[in-house]
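# Observations on the three-dimensional arrangement
Chain by chain, the residues run as shown.
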Amino acid sequence: MALTASTMLPLGTQAPDFHLPDVVSGKSISLATFADKKALLVMFICQHCPFVKHIKAELAQLGKDYIPGDLAIVAISANDINKYPDDAPESLKEMAIELGFSFPLCYDESQSTAKAYTAACTPDFFIFDAERKLVYRGQLDDSRPTNDKPITGTDLRAAIQAVLAGKPVAREQKPSIGCNIKWKPGNEPNYFG
């Protein structure tokens, strides 16, 4: 497990569009799917990562708390399933159903969406405002599988609340930490320096 931090994409970046299949419904999901929502949370997650497993109940809770309102959520998994078969669409579907995700969980087979968002780790979080400009990229909270801090979602929830209230999101943001995205051989992005 390689500990990896978010790339911290510049705030104000326009959300890259994507067209990815939802592993549960099979429907194609894109930015247009969420056009009527005030804000969009894009989460890069997977099935096997201990960091994602640690917070999976909170991820499901975010959907329950915000989906009925003005926040749209989409989760994306981009891992190489040849080396990490637990992250294959069938396993992701089982996870989404088991956790009761109220948002799409998409599979990025080409890894092009992960690259467009400069996703680096699982979990990696990006919040976009009504114009789909980036207002938050960072951690869920300070909890990790290796510390005893409670899972609260404090950092992410504060950013969600601010953007939904039309207020500025705090510019001091801590990077998310997790397992590196499992890139296909020869497909590693060049944004790691």
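Residues numbered from 1 in each chain as written. Predicted model: local features only at pLDDT ≥ 70, side-chain atom pairs only at ≥ 80, totals over all residues. Heavy atoms only, no water.

If you check an unreviewed UniProt entry, the protein appears there as Thioredoxin family protein from Scytonema hofmannii FACHB-248.

Tallied over the full model, the rule gives six aromatic pairs. Judged by centre distance (5.7 Å) and plane angle (55°), the ring pair of F44 and Y117 falls under tilted. Here F44 is found in strand β4 (residues 39–44), whereas its partner Y117 is found in the loop between α3 (112–116) and β7 (121–122), with 73 residues between them in sequence. Considered together, F44 and Y117 belong to a single accessibility category, that of buried residues. One aromatic cluster in this structure is built from F18, F44, Y117, F126 and F128. (Phe/Tyr/Trp six-rings, centres within 6.5 Å; stacked < 30°, edge-to-face > 60°. Helix = DSSP H or I, 4+ residues; strand = E, 2+ residues; numbered from the N terminus. Buried < 20%, exposed > 50% of the residue type's maximum accessible area, 1.4 Å probe, protein only.)

What follows deals with the packing of helix α1 (residues 50–66) against helix α4 (residues 154–164). Running from N to C, α1 and α4 point in directions that differ by 20°, and their axes come no closer than 12 Å. Here α4 runs roughly parallel to α1, going by the angle between their axes. Both α1 and α4 take part in a crossing whose hand is right-handed. On the side of α1, the interface is formed by E58, Q61, L62, D65 and Y66, while α4 contributes L156, R157, I160, Q161 and L164. Among the residues making up the contact of α1 with α4, the classes are represented as five nonpolar, two polar and three charged. (Axes fitted to C-alpha atoms, helices over the stretch in contact; angles between N-to-C directions. Parallel < 35°, antiparallel > 145°, perpendicular 65-115°, else oblique. Left-handed = near helix turned anticlockwise from the far one by under 90°. Contact = heavy atoms within 4.5 Å. Nonpolar A, V, L, I, M, F, W, Y, C, P; charged D, E, K, R; others polar.)

Next up on the list: the sheet that holds strand β6 (residues 105–107). The five strands are arranged β6-β5-β4-β8-β9 in an open sheet whose pairing can be described as mixed. One side of each edge strand has no neighbouring strand; the edge strands of this open sheet are β6 and β9 (134–138). With direction set aside, neighbouring strand axes in the sheet form an average angle of 20°. Pairing geometry for β4 and strand β8 (residues 124–128), over five bridges, is antiparallel. Residue F44 lies in a different strand from β8, and its bridge partner there is D124. Set on the sheet, α1 makes contact with β4, β5 (71–77) and β8; between it and β5 the angle comes to about 150°. The sheet contacts of α4 involve β4, β5, β8 and β9, and relative to β8 the element is tilted by about 10°. (Pairing = 2+ DSSP bridges.)

Among the seven residues of β5, seven are classified as buried, and the element is accordingly described as predominantly covered. Burial of the side chains of β5 extends over both faces: L71, I73, A75 and S77 are buried on one face and A72, V74 and I76 on the other. As defined by bridge partners, β4 adjoins β5 across six bridges and the pair is classed as parallel. Within β5, the position partnered with L41 by the bridge is I73. With α1 bridging β4 and the parallel β5, this β-α-β connection has right-handed handedness. Summarising the sheet, β5 and β6 pair through three bridges and their orientation is parallel. Across the sheet, the residue bridging to S77 is Y107, located in β6. (Right-handed = clockwise from strand over helix to strand, strands pointing away.)

Looking along a regular strand, one sees side chains alternate from face to face of the sheet. Two strands pair when backbone bridges link them, and strand β1 (residues 3–5) and strand β10 (residues 177–180) are joined in this way by three bridges, in the antiparallel orientation. By the bridge assignment for β10, T4 is matched with G178. The sheet contact formed by β7 and β10 spans two bridges and is antiparallel. Looking at β10, one finds that T122 is bridged to C179.

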